[in-house]
Every structure is written in structure tokens, then in C-alpha cells.
Amino acid sequence: MKIYDKEIHEYVDELVNSIRKVVEDSNVLAAVSGGIDSTVAAYLTWLAIGDRVKAYIINTGFMREDEVETTKALLENMGLPVKVYDASDAFYSSLLGKKDAEEKRKIFREIFYETLAKLAKDENAQYLVQGTIAPDWIETVGKIKTQHNVLAQLGIKTEEKYGFSLLEPLANLYKDQVRAIANYLKVPKEIIERQPFPGPGLLVRCVGEVELDKLKALRNVTALCQDLLMKIDASQSFLAIFRKPRMTTSKEISDFIKEIKNIVGIGGRGFKTFEFYENVTGVKGDSREYSKMLGIYHKESELLLKHKDEIVKMFPKVLKSYIRVAVLVSEPRPAGKYAVSIRAVKTSDFMTASVPEVSIDLLQQIVEQIMKDIRITQVYYDITPKPPATIEYE
Ligand code: XMP
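Note that the structure is predicted; figures quoted are calculated from it, not measured.

Colleague: I keep staring at the sheet that holds strand β3 (residues 27-31) and nothing clicks. Help me out?
Modeller: In a beta sheet, neighbouring strands pair by backbone hydrogen bonds and run either parallel or antiparallel. Overall, parallel pairing links the 5 strands, which are arranged β5-β4-β3-β6-β7 in an open sheet. Two strands in the sheet have a free side with no partner beyond their single neighbour: β5 (82-86) and β7 (165-167). Ignoring which end each strand starts from, the neighbouring axes of this sheet average 35° apart. With 4 bridges connecting them, β3 and strand β6 (residues 125-129) associate as parallel partners. Paired with A30 across the bridge in β6 is V129. Sheet contacts for helix α1 (residues 8-23): β3, β6 and β7; angle to β7, the most-contacted strand, approximately 170°.

Colleague: So what exactly am I meant to see when it comes to the packing of aromatic side chains here?
Modeller: Two descriptors summarise a pair of aromatic rings, namely the distance from one centre to the other and the angle between the planes of the rings. Within this structure, the stated rule accounts for 10 aromatic pairs. Note on Y162 and F164: the rings are 5.8 Å apart at their centroids and 15° apart in plane angle, and the pair reads as stacked. Taken as a pair, Y162 and F164 share a single burial class, namely buried. Aromatic pair F242 and Y393: ring centres 5.3 Å apart, planes at 90°, arrangement edge-to-face. Linking F242 in strand β8 (residues 236-243) with Y393 in the segment after β15 (376-382), this pair joins segments that are 151 residues apart in sequence. Exposure remark for F242: the relative accessible area of 0% places this residue in the buried category.

Colleague: What exactly am I supposed to notice about the side chain of E168 here?
Modeller: Residue placement: E168 occurs in the loop between β7 and α8 (175-184). Despite its burial, E168 pairs with no opposite charge; the closest candidate is R109, at 11 Å N-O. Among the polar contacts listed, one links the side chain of E168 to the side chain of Q130, at a separation of 2.9 Å. A polar side-chain atom of E168 sits 2.6 Å from a polar atom in the side chain of T132.

Colleague: Teacher, can you tell me more about the nonpolar core here?
Modeller: Among soluble globular proteins, nonpolar side chains are generally buried collectively. Membership of the largest hydrophobic core comes to 77 residues, with the highest contact counts inside it found for F62, F256, I260, I342, I370 and Y381. Per-element tally for this core: the top contributor is helix α5 (residues 101-122), with 9 residues. Once you skip the residues sitting within four places of it in the chain, F256 turns out to touch L294, I296, I311, M314, F315, V318, L319 and V325. Counting residues in hydrophobic clusters, the runner-up holds 43 residues, among them M63, Y127, A180 and L185.

Colleague: Looking at this structure, how should I read the state of the cysteines?
Modeller: Applying the stated criterion to the full structure yields 0 disulfides. Take C206: it sits in no disulfide, and the sulfur closest to it among the cysteines is that of C225, at 16 Å.

Colleague: Looking at this structure, how should I read the pairing of strand β4 (residues 53-59)?
Modeller: Each regular strand shows side chains that alternate between the opposite faces of the sheet. Counting buried positions along β4 yields 6 of 7 residues, so the element is predominantly enclosed. The sheet contact formed by β3 and β4 spans 4 bridges and is parallel. Looking at β4, one finds that A30 is bridged to A55. For the crossover from β3 across helix α2 (residues 36-49) to β4, the handedness is right-handed. Looking at chain direction, β4 and β5 are connected through 5 bridges and run parallel. Opposite Y56, over in β5, you have K83 as the bridge partner. Regarding topology, helix α3 (residues 67-77) serves as the crossover connection from β4 to the parallel β5, and that connection is right-handed.

Each value, and the rule that gives it
- Residues numbered from 1 in each chain as written.
- Predicted model: local features only at pLDDT ≥ 70, side-chain atom pairs only at ≥ 80, totals over all residues.
- Heavy atoms only, no water.
- Pairing = 2+ DSSP bridges.
- Helix = DSSP H or I, 4+ residues; strand = E, 2+ residues; numbered from the N terminus.
- Axes fitted to C-alpha atoms, helices over the stretch in contact; angles between N-to-C directions.
- Contact = heavy atoms within 4.5 Å.
- Phe/Tyr/Trp six-rings, centres within 6.5 Å; stacked < 30°, edge-to-face > 60°.
- Buried < 20%, exposed > 50% of the residue type's maximum accessible area, 1.4 Å probe, protein only.
- Lys, Arg positive; Asp, Glu negative; His and termini not counted.
- Salt bridge = Lys/Arg side-chain N within 4 Å of Asp/Glu carboxyl O.
- Polar contact = N/O pair within 3.5 Å; in protein donor to acceptor, adjacent residues only side chain to side chain.
- Core = buried A, V, L, I, M, F, W, Y, C linked by side-chain atoms within 4.5 Å.
- Disulfide = S-S within 2.5 Å.
- Right-handed = clockwise from strand over helix to strand, strands pointing away.

Structural data, given as C-alpha cells:
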């Protein structure tokens, strides 16, 4: 594979040389998450300037179970020395109680960069290297969402605000190009094949109000289901947590159910519908939507799942107040204060995505794991493609 008409080794040599030329004899701070982009960016810098790169894993408090330790070990196996900095108290004190998706993302970004500013000062680093790739800044500048790592393209002057200049060696590249470079650099396959995990982590999967107990429940069920989620034939699969939704109905919902009955061929009154309290994100054309999600239940959930593609094709015409639809997979249990949604998508570029079919058997195994956490009362399978939904909920 060539990158912009150059062989990979030539392209990498050029990147390494240009990093060396830009930073001269300065120190460079690197924030590494264990994702492919930040790892490649830090590793290229390490190739360029060796020990003058100061690599850190920032524990934001929104990481998955054991993620910090596992990532540290993987990076050290590559030969990249890395330190861990625990900033979770700062993140929690600013984020607990916040509800709005964009506000959460903006606060996260602020605390993230304040933490980096402190570390850059401690390490006497004039630069911060980060793994921003082309779709990150395209989506942020297009106001689809605030990526936690996009600054310069928004006109934020990092020198004045945080005391470091930015180094973004991958900013013109797309995911498949970064993957090719990572393979060439012999980055471990656990990192190259790792599913994307958003910078703000579990924050954007703890949908709506950020509460410590809700976050802990999400972290717990995510760990319980990790292996089973990997069995779904998907590019990305994860769980998100919500407050238990309320049962609801309306004229548009009954029209929607009528259409479903036609599609699926079930009559009768066996349907229940639930409105989630939280708003969730979607995309319409080039802009971002922030609106409601509807849950549907029928004891033959298998039939709803079998016809999911026809249902989601029909729903935007009938259901004007909702941008996502999820099928309740389990019989709801009375106790418990949260609902969990299983999100799985197939995609090549993450700009559009479809929802894969999952056998009811596998879904039930996942539900069984999730229900081990007594805080959870309902489990849904989200059947909405991108568009109209986004992959994440916030
Ligand atoms: P959406 O939700 O916009 O997600 O359809 C597209 C892809 O991007 C990932 N994602 C992020 N990655 N920082 C990241 O590094 C972020 O803030 C962020 N938000 C979403 C998402 O997981 C999916 O793979």
C-alpha cells in the first residue's frame, strides 16, 4: 500500500524527519490512550527524538476496568516508556451531575488539556504530540460533535492557553493509512485491532446525567460482557447505560406500532413502548441532531429483530419525535434503576454504519451477564443505523 503516492517506509521517514526538524531540542509530551492513533503518533515521535518524548496515560476515571494497566504493559512491550497520571478526581468533580452531551464533551476536553498543561510544565515540554486524524477535525469543524482532541482547527491557541504547541503528525491521514503505518512499525496487534474507543471513554456511554453509581454499573457490565460482545460480527460493539425509561404512548407511536404489525405479521396488543429520558445524538445531512430514543417490547422480540432493517427504514417517516429505536430484549424486571443498550455496528469508514444481525441466543447470553448487576432492569438492542443515529449516543 502507498500513502499519498509514497511507499510506507518513505512516508514514515519523512514524518520522523519532520518531527525532528520541528521540535529541535525540545521535550515533547505524549498522551497515549492505547488506541492506534495516539500510539502511532507517540511512537513516531519516540523514533524521532528518543527519551525526550514524555509519554503518559491519563487516567480520566472514565476508562474501562483494568484498561490503564493493560495499556501500560502493551506500550512498554513495544519499548515505549510510559507513566500513568491519575486525574480522575479532577474529571469527576467537574463532570458529576452534568447532563448535556456537548457540555460533557467540552468539560472533558477542558480538564484533559489542563491536566496536560500541568504535565508539560512538570516535564519542561514545549510540544504536545497527539494522534488527531482527518475525520476527527472534519467532524468537529462541521459541528457534528466535539472531539476531545481537536483544538487548532477550532482556533484554540494552545501556546497561550496551555503553554505548548501541537504536533499532529497524522492529521492528514485516514484510519486505513494509520493502520498501514502501525503494521509497518510492528505495533502490537492488540492495539491495531482494538475497536475504536472514544477519547472521553465511558463518559459518552453513561448517557445523560453523570453519576458515580451509573458509571460503576456501566464499567461492571462492560467488563462482564467484554468477551461476548466480541462474538458479534461487528466493527464496534459496546454497552451504554441510561436511567430506566418510562412506558409511554402517543398517536405517532401507535401509528408506528401499526406499521410494525404489518411488517412483522403479528396482531394483538402485546407491544409496549418506552421513552428514554435522555437525549441521544444523531446525524441529519451534515449536521448533528440531539433528540429522543424509543424502546419497543414484544415477547417475540426475535421477530422484531429479524425485521429490524424494514422497521428502521420505516420509522423516520412515522416517528417524528425520535431518532433512535431499540428493541427490548429481556422481559423487564421490576427492581433496578438503569437500562442498558447493546450497540453494535458494521462500518468501513465510521461515517456511515449498519447494524449487524445477532442471534437471539447470543443476545440472551449477553443479557444474562448484564442482569448479574442488580442495578440493571432492562436490556435493549439498538437497531438504528448511522444515519440517522450516530455510533455513540452522545
Ligand atoms: P459517532 O458516534 O460520531 O462515532 O458515529 C464515530 C466513531 O468515532 C468514535 N468516537 C470518538 N473517538 N474521540 C475519539 O477518539 C471522541 O470524542 C469520539 N467520539 C466518537 C466512535 O466510537 C466511533 O468509532
